[in-house]
Amino acid sequence: MSQRLTDDERLTLKTGAFGAVFLVANADPGMLALLRESFAASGVMAQAGGPVKEALTTGPLPTLPRDSALEVESVVLPALGRAVEILREKFPQDVAGYRSLVLAAADRVARAHRGVVPAEAAAIDKIRAALAESA
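Nothing here was measured: the structure is a model prediction, and the numbers come from that model.

### Quick notes on the environment of Ala-129
By the element assignment, Ala-129 lies in helix α6 (residues 118–131). Assessed through its relative accessible area of 53%, Ala-129 is described here as exposed.

So this is what it looks like as structure tokens:
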């Protein structure tokens, strides 16, 4: 039985991963920094494999709110939790890889410009919590 991710599921994984990067980049804003940071994160995303790679490299880019950090969190953090649930249901062997990929990308983004500032560290903590195993 070969399972595949639906378009919606792929978009959820992508929204979580790219949204996490955006959340961290947004925590310490600056246009030049954002460019440098997204470039740094793309290197990590390219290391994905299997269904996670397929989700992150196919289909449209997610649309994220741009008005406030709270709005971004309200979309991204639930998407991360849902992405873990989707992978746990269909590809349990890829849950840990998705988690570490998202956290590595978030960390790389935070370090790409002037090191990790407290706002970025706080965003990474929220991402880590959203990715945690649900009880």
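Don't stop here, the text continues.
### Some words on the nonpolar core
Leu-13, Leu-80, Tyr-98 and Ile-127 are the most contacted members of the largest nonpolar core, which has 40 residues in total. Among the elements of the structure, α1 (7–27), α2 (31–45), α3 (50–57), α4 (69–90), α5 (95–111) and α6 are those that each provide at least two residues to this core. Residues within four places of Leu-80 in sequence aside, it is in contact with Gly-16, Ala-17, Ala-20, Tyr-98, Val-102, Ile-127, Ala-130 and Leu-131.

### Observations concerning the pattern of salt bridges
Within this structure, the stated rule accounts for nine salt bridges. Between Arg-4 and Glu-54 there is a salt bridge, with the nearest N and O atoms lying 3.0 Å from each other. Of the two residues, Arg-4 sits in the segment before α1 while Glu-54 sits in helix α3, which places them 50 residues apart along the sequence. The exposed category is assigned to Arg-4, whose relative accessible area is 54%. Beyond isolated ion pairs, a larger network of salt bridges with shared partners links Arg-4, Asp-7, Arg-10 and Glu-54.

Reading the values: rules and limits
- Residues numbered from 1 in each chain as written.
- Predicted model: local features only at pLDDT ≥ 70, side-chain atom pairs only at ≥ 80, totals over all residues.
- Heavy atoms only, no water.
- Helix = DSSP H or I, 4+ residues; strand = E, 2+ residues; numbered from the N terminus.
- Buried < 20%, exposed > 50% of the residue type's maximum accessible area, 1.4 Å probe, protein only.
- Core = buried A, V, L, I, M, F, W, Y, C linked by side-chain atoms within 4.5 Å.
- Contact = heavy atoms within 4.5 Å.
- Salt bridge = Lys/Arg side-chain N within 4 Å of Asp/Glu carboxyl O.

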